[in-house]
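Structural features, examined
Each chain, written out:
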Amino acid sequence: MSSDTLLVVLDLVGIVVFAISGALTGVEKRLDLFGVIFLADATAIGGGFIRDALLGAFPVAALHDWRYLIAPTCTGLIVFYIHPAIAKLSRILLLVDAAGLGLFAVAGTHKALDHGLGPVGACGIGTITAIGGGMIRDVLVREIPTVLHKEIYATAAVLAAILFVTGDHFAWNNVITAIAGVALAFTLRVVSTWRQWSAPVPK
Amino acid sequence: MSSDTLLVVLDLVGIVVFAISGALTGVEKRLDLFGVIFLADATAIGGGFIRDALLGAFPVAALHDWRYLIAPTCTGLIVFYIHPAIAKLSRILLLVDAAGLGLFAVAGTHKALDHGLGPVGACGIGTITAIGGGMIRDVLVREIPTVLHKEIYATAAVLAAILFVTGDHFAWNNVITAIAGVALAFTLRVVSTWRQWSAPVPK
Amino acid sequence: MSSDTLLVVLDLVGIVVFAISGALTGVEKRLDLFGVIFLADATAIGGGFIRDALLGAFPVAALHDWRYLIAPTCTGLIVFYIHPAIAKLSRILLLVDAAGLGLFAVAGTHKALDHGLGPVGACGIGTITAIGGGMIRDVLVREIPTVLHKEIYATAAVLAAILFVTGDHFAWNNVITAIAGVALAFTLRVVSTWRQWSAPVPK
C-alpha cells in the first residue's frame, strides 16, 4: 500500500473513534450542542493538528481533506442525540479507543519519518499524535489529562511508536510493521485495563 | 479593496475588542499587571496564532506587524487602570464583542481561502480564529470555555464563515460578502443574547 | 561564537533546568511515571515548540535534535526517583530557574531576529519562549499559570528580550549581549524573590 493511502486509512478510523470519546465527555460535562461537536472535533483532530504544526506539514491534513473535519463533526452530532445508547457500549468503546490509540501512534510516527525526523523525534511525534487530542479534551473541560495520572495509556503509544521506528530502521514491510504496532498498543491497553495495571507513582 | 488591506483592517478592529474582553477577565481574576496584559494579548491574537500556525502562514501576522502586538498590549494597560469605567459599559462591550466575533470569523475564513483551503477547511479556520482567543483566555484562568456551554456564540461565527465561503464560491464582491458575514454574526449574537436563546443541551 | 552553537548551548542548559521544575510539579500533583516525564518534557520544550511553530522554523529544534528530547526525559526520570533530595534544594532551584528564564528569553529573541522578525515581534517570541513551558505545565495540572499573578517573572524575561533586541539593533557583540540579558533576568528574578517584590494588581 502506498504511504499516502496508509496514512489516510489509519487517520480516518482513529478520528471517528476519538470523536466518540470527545463527544461523550462533552455530554457528561453538560456542554451544549456546539460544545459537544467541538469537543468531538478537538479530540479527534487535535493530535494531528499538533503533529502537523510541529512537522511543518502544511496544509494540515484535517483542513486539507474535508472528510477529516466532517467525520468527527457528524460523529459528535450523532452522539449528542443517541448518547445513552452509546454509553452502554463502554466495553466496546474501550476496545475501539485502544485501537485508535495504536492507529494514531503509528500514523504519527510514520508521517514524522516521512518528513525526515530521526527515530527519537519520530517517537515523540507519534506519542503526541496519539495522546494530544485526549489531552486537549481534558484541558478544555478543566480536568488534569487522564493520560498523565491513570492507567497504562501513553506507554502503549510510546511502545507502538518505537516498534514502528525499529521496523523502519531495518526496512521491514511498512504495512506489517504498522499492523504490529497497532496490535501491540491495542493489546497492552486492553490487557492493562482488564488487569488494572498502572504506571508507578512517586513515593 | 485589496485582499491584504481588508485583512489588516478586519484584524486590527477585532484585536482591540478582544483585548478588552481578555483584560477585563484578567482584572476579575485578580491577575497582576503582566497577567492582565498577557491575557489581553492572548485573547486578542491567540485565535490568529492558531489560524496562522495551522495554515503555515509565516511569519504569523501578529508577529510580523508590530501594530498587532502593541495594540492589545496598550489596550490591556489602559483597562488595567480604568477598568471600573469600562466594566460599566457591559452593554456596549457586548456589541463590540459581537462585532469582533464576526470580524475574526470573516478574516480567518478569507485568509484560509487565500491559502488554498477548500470550503470545509476554511469554515473550520474561520471558526477557530473567532473563538480560539476566547478559549485560550478561559483555559488560562481555569474556566471551561464559555463558548462550549453558554449561549449562541460559536454558531454565529460558523454561519458568518459559511456565508463568506458561499460568496467566494459564487465570486460575489468580497467586501460586500465580508460586511454581510460580520453583520450576520453580529445580529445573531446580539439578538440571541437579548432573547436569551441558547443551543440545545444533551438530554 | 557562531549563532547556531550559541543557540544550542543556551537551549540545552535551560531545558534541563525547566525539566526539573516540571518534574517536581508532576510529583507534587501525584502524576504517575509517564505523567512526571511528560510534564518535564512539556515544561522544558513547550516554550520552544510554540516559538518554532510561530516562526515557521521546521523541523522544530526539539524534534530535529534528539538531545533536546532525551535530556528532559532523563531529567524527569531521575527526579521521579530522587525527588525528596531535589525538593530540599529549593534555593538552588530558584537560582537555576532564574538562569533558565533568562537563557530561554535570550535564545528565543535571538532565533526570532535570525528569522527576520522586527524588534517588537522578537521580544514577543522571546517572552513566550521563556514563559510558555511553565504556562503549559500549570494548565496541564489545572492551575492558573503562576506567571500571570505571582511575583516578578515574565517582566524579567521581557527586559532580557528588550536588552538583546537593543544590542542587536546597535550591532553589539551578540555573545556579550546574550550574557548581559541572561544576567539581567537572573538578577531581577532573584532579587525580586528575595525582596518579595511583586507586580501591581488591579484596584
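Bear in mind the structure is a predicted one, so any value in this text is a computation, not a measurement. (Residues numbered from 1 in each chain as written. Chains lettered and ligands numbered in written order. Predicted model: local features only at pLDDT ≥ 70, side-chain atom pairs only at ≥ 80, totals over all residues.)

**Side note on the overall build of chain A**
A count of helical and extended segments in chain A gives 8 helices and 0 strands. Ordered by position from N to C terminus, the α and β elements of chain A give α-α-α-α-α-α-α-α. For 203 residues, the compact-globule estimate of 2.2 N^0.38 gives 17 Å, and chain A sits close to it at 16 Å. Overall, chain A is about 50 × 45 × 30 Å in size when its C-alpha atoms are taken along their principal axes. Put simply, chain A has 203 residues, and 58% of those count as buried. Pairs at least 24 residues apart make up 72% of the contacts formed inside chain A by residues separated by at least 6 positions. (Helix = DSSP H or I, 4+ residues; strand = E, 2+ residues; numbered from the N terminus. Rg over C-alpha atoms; globule rule 2.2 N^0.38 Å. Buried ≥ 20, exposed ≤ 12 C-beta atoms within 10 Å, placed from the backbone. Contact = placed C-beta atoms within 7 Å.)

**Thoughts on the nonpolar core**
Counting residues in hydrophobic clusters, the biggest one holds 225 residues, and the most contacted among them are Ala157 of chain A, Ala157 of chain B together with Ala157 of chain C. Residues in contact with alanine 157 of chain A, not counting those within four places in the same chain, are Leu101, Ala105, Gly126, Thr127, Ala130, Ile131 and Ala185 of chain A. (Core = buried A, V, L, I, M, F, W, Y, C linked by C-beta atoms within 7 Å.)

**A few points about unusual backbone geometry**
Each neighbour pair has its own omega, and for phenylalanine 58 of chain B with proline 59 of chain B the value is -10°, a cis peptide bond. Along the chain, the position of proline 59 of chain B falls in the loop between helix H2 (33-55) and helix H3 (61-64).

**A closer look at the relation of the copies chain B and chain A**
For these two chain copies, the linking operation is a rotation about an axis paired with a shift along it. In the superposition of chain B on chain A (RMSD 0.0 Å, axial shift 0.0 Å), the rotation amounts to 120°. Read as a symmetry element, the transformation amounts to a three-fold axis. A share of only 17% of interface residues in chain B that are also interface residues in chain A marks the association as one of differing surfaces. (Least-squares fit on C-alpha atoms with pLDDT ≥ 70 in both.)

**Re the interface of chain B and chain C**
Accessible area lost during the coming together of the parts is what is often quoted as the interface size. Listed by partner, the interface residues are 27 residues for chain B and 23 residues for chain C. Listed by contribution, the elements that provide at least two residues to the side of chain B that touches chain C are H2, H3, helix H4 (67-87) and helix H6 (119-140) of chain B. A breakdown of the residues in the side of chain B that touches chain C according to their chemical character gives 20 nonpolar, 4 polar and 3 charged. (Nonpolar A, V, L, I, M, F, W, Y, C, P; charged D, E, K, R; others polar.)

**What to know about the relation of the copies chain B and chain C**
Of the two same-sequence chains, chain B is brought onto chain C (RMSD 0.0 Å, axial shift 0.0 Å) by a rotation of 120°. Residue by residue, only 15% of the interface of chain B is reproduced at the interface of chain C, so the copies engage with different surfaces.

**Remarks on the interface of chain B and chain A**
At the interface, 24 residues of chain B touch 27 residues of chain A. Contributions of two or more residues to the side of chain B that touches chain A are made by H2, H6 and helix H7 (154-169) of chain B. Examining the composition of the side of chain B that touches chain A, we find that 5 residues originate from one element, H6 of chain B, more than from any other. When the residues that make up the side of chain B that touches chain A are grouped by side-chain class, the tally is 15 nonpolar, 8 polar and 1 charged.

**Here's the deal with helix H4 (residues 67-87) of chain A**
The α-helix advances 3.6 residues per turn, and as a result positions three or four apart in sequence lie on the same side. Between the first and last C-alpha of H4 of chain A there are merely 25 Å, a value that for 21 residues lags more than 12% behind the 30 Å anticipated at 1.5 Å per step. Maximum bend of H4 of chain A: about 80°, positioned at tyrosine 81 of chain A, with proline proline 84 of chain A one to four residues after it. (Expected span 1.5 Å × (residues − 1). Bend = angle between axes of the 7 residues up to and from the residue.)

**A closer look at the packing of H2 of chain B against H4 of chain B**
Packed helices, taken two at a time, are described by the angle their axes make and the gap between the axes. All names here are of chain B. For the pair H2 and H4, the least separation of the axes is 8 Å and the interaxial angle reads 135°. By the criterion of interaxial angle, the relationship of H2 to H4 is oblique. In this structure, H2 crosses over H4, and the sense of that crossing is right-handed. Here Leu33, Val36, Ile37, Ala40, Asp41, Ala44 and Ile45 of H2 lie close against H4, whose contacting residues are Tyr68, Leu69, Pro72, Thr73, Thr75, Gly76, Leu77, Val79 and Phe80. Within the contact of H2 with H4, the residues separate by chemical class into 12 nonpolar, 3 polar and 1 charged. (Axes fitted to C-alpha atoms, helices over the stretch in contact; angles between N-to-C directions. Parallel < 35°, antiparallel > 145°, perpendicular 65-115°, else oblique. Left-handed = near helix turned anticlockwise from the far one by under 90°.)

**Overview of the packing of helix H5 (residues 90-114) of chain B against H7 of chain B**
All names here are of chain B. Following both chains from N to C, one finds H5 and H7 inclined at 40°, their axes separated by 9 Å at the closest point. By the angle between their directions, the pair H5 and H7 is classed as oblique. Considering how the two elements wind past one another, H5 and H7 form a crossing that is right-handed. Of the residues in H7, those touching H5 at Leu101, Gly102, Ala105, Val106, Thr109, His110 and Leu113 are Ala156, Ala157, Ala160, Ala161, Phe164, Val165 and Asp168. Of the residues in the contact of H5 with H7, the class split is 10 nonpolar, 3 polar and 1 charged.

**Quick look at the environment of leucine 148 of chain C**
Position of leucine 148 of chain C relative to the elements: it lies in the loop between helix H6 (119-140) and helix H7 (154-169). Leucine 148 of chain C sits 143 residues away from threonine 5 of chain C along the chain, and the two C-alpha atoms are 32 Å apart. Those residues in contact with leucine 148 of chain C that sit more than four places away from it in its chain are Leu31, Gly35, Phe38, Leu39 and Leu140 of chain B.

**A look at the environment of glycine 124 of chain C**
Residue and element names in this part refer to chain C. Its place among the elements puts glycine 124 in helix H6. On the neighbour-count criterion, glycine 124 (26 C-beta atoms within 10 Å) is buried. When the C-alpha atoms of glycine 124 and proline 200 are compared, they prove to be 21 Å apart, with 76 residues separating the residues in sequence.

**A short note on the environment of histidine 169 of chain C**
Residues and elements named next belong to chain C. Looking at the element boundaries, histidine 169 is found in helix H7. For histidine 169, a count of 10 C-beta atoms within 10 Å puts it in the exposed group. Considering only alpha carbons, one finds histidine 169 and lysine 203, 34 residues apart in sequence, at a separation of 38 Å.

**Describing helix H5 (residues 90-114) of chain C**
The terminal C-alpha atoms of H5 of chain C lie 36 Å apart, and with 25 residues this matches the ideal 36 Å at 1.5 Å per residue to within 8%. Just beyond H5 of chain C, the residue with positive phi is glycine 116 of chain C, at close to 90°.

**Regarding the confidence of the model for chain A**
Residue and element names in this part refer to chain A. With 97% of its residues at a pLDDT of 70 or more, chain A shows a mean pLDDT of 90. Considering each helix and strand of chain A separately, the mean pLDDT is smallest for helix H1 (residues 3-28), with a value of 83, and largest for helix H6 (residues 119-140), with 95. The ipTM value of the predicted complex is 0.89, and its pTM value is 0.91. (pLDDT = per-residue confidence, 0-100.)

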